Amino acid sequence: SQQGEEDPQALSIQEGENATMNCSYKTSINNLQWYRQNSGRGLVHLILIRSNEREKHSGRLRVTLDTSKKSSSLLITASRAADTASYFCATTGGGADGLTFGKGTHLIIQP
Amino acid sequence: SAVISQKPSRDICQRGTSLTIQCQVDSQVTMMFWYRQQPGQSLTLIATANQGSEATYESGFVIDKFPISRPNLTFSTLTVSNMSPEDSSIYLCSTSATNTGELFFGEGSRLTVL
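Residues numbered from 1 in each chain as written. Chains lettered and ligands numbered in written order. Predicted model: local features only at pLDDT ≥ 70, side-chain atom pairs only at ≥ 80, totals over all residues. Heavy atoms only, no water.

Focus on the overall build of chain B
The following threshold applies: A run of H or I in DSSP becomes a helix once it reaches four residues, and a run of E becomes a strand once it reaches two; helices and strands are each numbered from the N terminus. Only the C-alpha atoms count toward the radius of gyration. The rule for a globule is 2.2 Å times the residue count to the power 0.38.
Each helix and strand counted, chain B has zero helices and eleven strands in total. Shown N-terminal to C-terminal, the secondary structure of chain B runs as helices and strands in the order β-β-β-β-β-β-β-β-β-β-β. For 114 residues, the compact-globule estimate of 2.2 N^0.38 gives 13 Å, and the C-alpha radius of gyration of chain B, at 13 Å, lies within 12% of that figure. Considering only C-alpha atoms, chain B reaches an extent of 40 × 25 × 25 Å along its principal axes.

Considering the side chain of B:Ser89
All names here are of chain B. In plain terms, the rule: Three labels apply to residues, based on accessible area from a 1.4 Å probe with only protein chains included: buried if under 20% of the type maximum, exposed if over 50%, partly exposed otherwise in between. It only takes one pair of heavy atoms within 4.5 Å for two residues to be counted as in contact.
Position of serine 89 among the secondary structure elements: in strand E9 (residues 89–96). Since its relative accessible area comes to 4%, serine 89 is described here as buried. The residues touching serine 89, leaving out its near neighbours within four places in the chain, are Arg36, Gln37, Gln38, Ser109, Arg110 and Leu111.

Considering the interface of chain B and chain A
For the record, the criterion: Two parts placed together each lose some accessible area under a 1.4 Å probe, and the buried area is that loss summed for both. Salt bridges are counted wherever a side-chain nitrogen of Lys or Arg sits within 4 Å of a carboxyl oxygen of Asp or Glu. For this analysis, a polar contact is any N or O atom pair within 3.5 Å, provided that within protein one partner can donate a hydrogen and the other can accept it, and provided that sequence-adjacent residues contribute only side-chain to side-chain pairs. Polar here means any residue other than Ala, Val, Leu, Ile, Met, Phe, Trp, Tyr, Cys and Pro, which are nonpolar, and Asp, Glu, Lys and Arg, which are charged; Gly is therefore polar.
Across the boundary between the two partners, chain B contributes 21 residues, which contact 21 residues of chain A. Here chain B meets chain A over a buried area of about 1600 Å², counting both sides, of which 51% is carbon and sulfur. On the surface where chain B and chain A come into contact, there are one salt bridge. The partner of B:Glu107 in a salt bridge is A:Arg41, and the shortest N-O contact between them spans 2.7 Å. Applying the counting criterion to the chain B and chain A interface returns six residue pairs in polar contact (both at pLDDT 80 or more). Looking at the side of chain B that touches chain A, the elements with two or more residues in it are strand E4 (31–37), strand E5 (43–50), E9 and strand E10 (103–105) of chain B. Tallied by class, the residues present in the side of chain B that touches chain A amount to nine nonpolar, nine polar and three charged.

With respect to the environment of B:Ser1
All names here are of chain B. Residue position: serine 1 is located in the segment before strand E1 (4–7). Look at serine 1 and you get exposed, because its relative accessible area is 85%. Considering only alpha carbons, one finds serine 1 and serine 94, 93 residues apart in sequence, at a separation of 12 Å.

Section: the state of the cysteines
Residue and element names in this part refer to chain B. Defined as follows: The disulfide criterion is simple: two cysteine sulfur atoms within 2.5 Å.
Counted according to the given criterion, the structure contains two disulfides over all chains. Disulfide pairing places cysteine 23 opposite cysteine 93 at an S-S distance of 1.8 Å. The disulfide joining cysteine 23 to cysteine 93 has a torsion of about -65° about its S-S bond and is therefore left-handed. In this pair, cysteine 23 sits in strand E3 (residues 19–25) while cysteine 93 sits in strand E9, placing the two residues 70 residues apart along the sequence. Summarising the burial analysis for this pair, cysteine 23 and cysteine 93 share the class buried. Of all cysteine sulfurs, the one in cysteine 23 lies closest to cysteine 13, which takes part in no disulfide; the gap is 18 Å. Overall, cysteine 13 belongs to the buried group, its relative accessible area being 7%.

Looking at the sheet that holds strand E3 (residues 19–24) of chain A
Residue and element names in this part refer to chain A. Definition in use: A pair of strands is treated as paired once DSSP finds two or more bridges between them. Angular values range over 0 to 180 degrees, each being the angle between N-to-C directions of two axes fitted as lines to C-alpha atoms, with helices fitted over their stretch in contact.
What the five strands build is an open sheet, ordered E1-E3-E8-E7-E6; its pairing is antiparallel. Whereas interior strands pair on both sides, the edge strands pair on one side only; in this sheet they are strand E1 (5–7) and strand E6 (55–58). In this sheet, adjacent strand axes meet at a mean angle of 15° when their direction is disregarded. As paired strands, E3 and strand E8 (residues 71–76) are joined by six bridges and run antiparallel to one another. Following the sheet pairing, asparagine 22 is matched in E8 by serine 73.

Comments concerning the environment of B:Asn99
Residues and elements named next belong to chain B. Inspection of the secondary structure puts asparagine 99 in the loop between E9 and E10. The exposure class of asparagine 99 is exposed, given its relative accessible area of 63%. Along the primary structure asparagine 99 and threonine 30 are separated by 69 residues, whereas in three dimensions their C-alpha atoms are 12 Å apart.

As structure tokens, then:
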């Protein structure tokens, strides 16, 4: 079964607005990662946050992690049309194991 | 980082046939992963392939249906055997950055079974 559950499943906003996506998971993790997938192509790694971190920034991306609630959020500020994609959270229990992916949020940025 | 090339990028196949997907990495890597993404769905791990040993399959996936080869540290293949329309998916190859756990993905192979 899937480890992560993203919400919303789909999100449509105007260009320039901020987009927030949430992810919940069920078991203990070593880290949580966010990936982007454009139109059914390969996934691109966006950001990784470790279990002992609470917030992390990378450019227009801000990720938070609340291990007590087993949840994470991804904020994209000042959205652009090129941000239109599906976003997935993924978790690992450690080591170099394959990740377990959530169901994803499909983000549409309206020009 | 790792650059991963997959082929074919897409194919249309007939029911009952088999297709082999190739995955080439531009550097030597220990572990390679094969994922399936069914239409509109998330990624599901099929198996983990280490060089020199048999692949480790996740629950719901078996070697007879998805045989995997890993002949060296830069290459792997996944075969989808005796295909049915339910096998229509994107199949993705990936490998990890061992110090972070970040995954690098190929562009995927989109398979349609008629």
